[in-house]
Amino acid sequence: MTPVRTTGRRWGSGLLQVAFLLLVWFALWGEVSWANLASGVVVIGVTLWLLPRTPRAHRIHPLALVRFGLTFLWLLVTSSIAVAVTVLRPTPERLRAGVVACPLRHDDPLVATIVADSITLTPGTLTLDVRADPPVVEVHVLGLGDPDDVRADVARLEELVVAAVTPVGVPGTGHGNEVDP
Amino acid sequence: MIELLRDVVAGTLVVSGAVLALVAAVGLFRTPDVYARLHVATKPATLSVVATLGAAVVRAPSWGAAGLLVLALVLQLWTVPAASHLLGRATRRSGLQPASPDAVDESDRGD
């Protein structure tokens, strides 16, 4: 049985979120004091009020999360080296650019955010825009070869993310986030 | 022995971080357009920060300090792509084309 933790449960997770953010706030100021507590509560309150709350629940799989993290670090290293090569020895092929539309298979804000973030830090690709309904990421590619390869890479990245943070849909309605291709 | 190993690892990380930062700076001048510059400003620049902070984690005097550095690292990885995404999107919507003669463009220009 995979360890399962669901995010998005109403009060319990809300309090947990505030406690965690307070911990981060104290860490950033380097000191636990009443003044920091008061300012932290205000800042966290305003931030949470401004941010849209995602009504979707997710299952977090720690092992898959570690796997995604390691893949991500590896991609960050290779992409930095690739960009460095392009900068030091620019050739027309390496500078060939384009904007490729990559459809996502899951219509889920958290998954789309993580995928879009990772695309930017992986070789050759940079997220320009994200559209919902149907979910599509527009990706700027440096050193473009076949656009279908880019789509395949993004799809693989999305599968890694979904394996780590699985959307479970709105409770009671079953799994309702998958988009038919 | 462990001390020496830590020094070697930290030193390697700091030097690679500095080299990457230099490459990123040079890249800003050698790339043809905003989009390519965004690539340069995100990937090597982020890895350079990761490497430098990683070196500091290896040499950190305490667990608390190491935790704080890891926090800074995670926040970097989380926010840098968001910033570049906003710059890229703004550039896109202002109608600037990639400076590449055979550029592919599949974006929806409807917005």
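Reading the values: the criteria
Here, residues in each chain are numbered from 1, in the same order as that chain's written sequence. Going through the entries in the order they are written, you letter the chains from A and number the ligands from 1. Reporting in this predicted model follows two pLDDT cut-offs: at least 70 for local features of residues, and 80 or more for side-chain atom pairs to be given and counted; totals over whole chains, interfaces and linings ignore these cut-offs and use all residues. With hydrogens and water stripped out, all remaining heavy atoms of the structure feed into the side-chain values. Secondary structure counts use DSSP, requiring at least four H or I residues in a row for a helix and at least two E residues in a row for a strand, with both numbered from the N terminus. A 1.4 Å probe rolled over the protein chains alone gives each residue an accessible area, and that area as a share of the maximum for its type sets the label: buried under 20%, exposed over 50%, partly exposed in between. Whether two residues touch is decided by their heavy atoms; if any such pair falls within 4.5 Å, the residues are in contact. Accessible surface is estimated by sampling points in the Shrake-Rupley manner with a 1.4 Å probe; for residues, cover comes only from the protein chains shown. Fitted lines through C-alpha atoms serve as axes, helices being fitted only where they are in contact, and the angles separating the N-to-C directions of these axes extend from 0 to 180 degrees. By the definition used in this description, the sense in which the near helix is turned from the far one sets the handedness, with an anticlockwise turn below a right angle giving left-handed and a clockwise turn giving right-handed. Residues are grouped as follows: Ala, Val, Leu, Ile, Met, Phe, Trp, Tyr, Cys and Pro are nonpolar; Asp, Glu, Lys and Arg are charged; every other residue, Gly included, is polar. By this rule the span expected of a helix is its residue count minus one, scaled by 1.5 Å. Only residues above 30% relative accessible area that lack a salt bridge enter a patch, with like-charged residues linked at up to 9 Å and the nonpolar side chains Val, Leu, Ile, Met, Phe, Trp and Tyr linked at up to 5 Å. Every case where a carboxyl oxygen of Asp or Glu lies within 4 Å of a side-chain nitrogen of Lys or Arg is listed as a salt bridge. Buried area, as used here, totals the accessible surface that two parts lose on assembly, with accessibility defined by a 1.4 Å probe and the loss added over both. Each polar contact in these results corresponds to two N or O atoms within 3.5 Å; when the atoms are within protein, one needs to be able to donate a hydrogen and the other to accept it, and residues that are neighboring in sequence are counted only if both atoms are side-chain atoms.

Enquirer: Is there a simple way to think about the overall build of chain B in this case?
Expert: For chain B, the helix and strand inventory stands at 3 helices and 1 strand. Each helix and strand of chain B, placed in order from N terminus to C terminus, yields the pattern α-α-α-β. Burial statistics for chain B: of 111 residues in total, 37% are counted as buried. At a minimum sequence separation of 6, the contacts of chain B that also span at least 24 residues come to 61%. With an accessible surface of roughly 6100 Å², chain B has 72% of that area assigned to carbon and sulfur atoms.

Enquirer: What am I meant to see in the packing of helix H3 (residues 62-88) of chain A against helix H6 (residues 147-164) of chain A here?
Expert: The description of two packed helices rests on the angle between their axes and on the distance between the axes. All names here are of chain A. Look at H3 against H6: their axes get within 7 Å of each other, and the N-to-C directions meet at 145°. With respect to the hand of their crossing, H3 and H6 are arranged in left-handed fashion. Residue-level inspection shows Ala64, Leu65, Arg67, Phe68, Thr71 and Leu75 of H3 in contact with H6, the latter providing Leu157, Leu160, Val161, Ala163 and Ala164. Per-class residue counts for the contact of H3 with H6 are 9 nonpolar, 1 polar and 1 charged.

Enquirer: Is there a simple way to think about helix H3 (residues 63-93) of chain B in this case?
Expert: What sets the pattern is the α-helix's 3.6 residues per turn: residues three or four places apart point alike. The end-to-end C-alpha separation of H3(B) is 45 Å, in line with the 45 Å expected for 31 residues at 1.5 Å each. Buried within H3(B) we find Ala66(B), Leu69(B), Leu71(B), Leu73(B), Leu77(B), Val80(B), Pro81(B), Ser84(B), His85(B), Gly88(B), Thr91(B) and Arg92(B).

Enquirer: Hey, could you run me through a nonpolar patch on the surface in this one?
Expert: Together, Leu28(A), Trp29(A), Leu68(B) and Leu75(B) make up an exposed nonpolar region whose accessible area comes to about 400 Å². Listed by contribution, the elements that provide at least two residues to the nonpolar patch are helix H1 (10-29) of chain A together with H3 of chain B. The topology assignment puts Leu68(B) in helix H3.

Enquirer: What's the story with the interface of chain A and chain B in this structure? I'm lost.
Expert: You'll often see interface size given as the accessible area lost when the parts meet. Opposite the 41 residues of chain A that make contact, chain B presents 39 residues. Contact between chain A and chain B buries roughly 3400 Å² in total, counting both sides, with carbon and sulfur atoms accounting for 69%. Contact with chain B buries area across many residues of chain A, yet Val87(A), Val99(A) and Leu128(A) alone supply 17% of it, more than any other trio. Between the two partners, chain A and chain B, sit 2 salt bridges. In this structure, Asp129(A) engages Arg89(B) in a salt bridge whose closest nitrogen and oxygen atoms are separated by 3.9 Å. Across the chain A-chain B interface, the total number found is 7 residue pairs in polar contact (both at pLDDT 80 or more). Listed by contribution, the elements that provide at least two residues to the side of chain A that touches chain B are H1, H3, strand S2 (97-103), helix H5 (109-120), strand S3 (125-131), strand S4 (136-142) and H6 of chain A. It is H3(A) that contributes the most residues to the side of chain A that touches chain B, 9 residues altogether.

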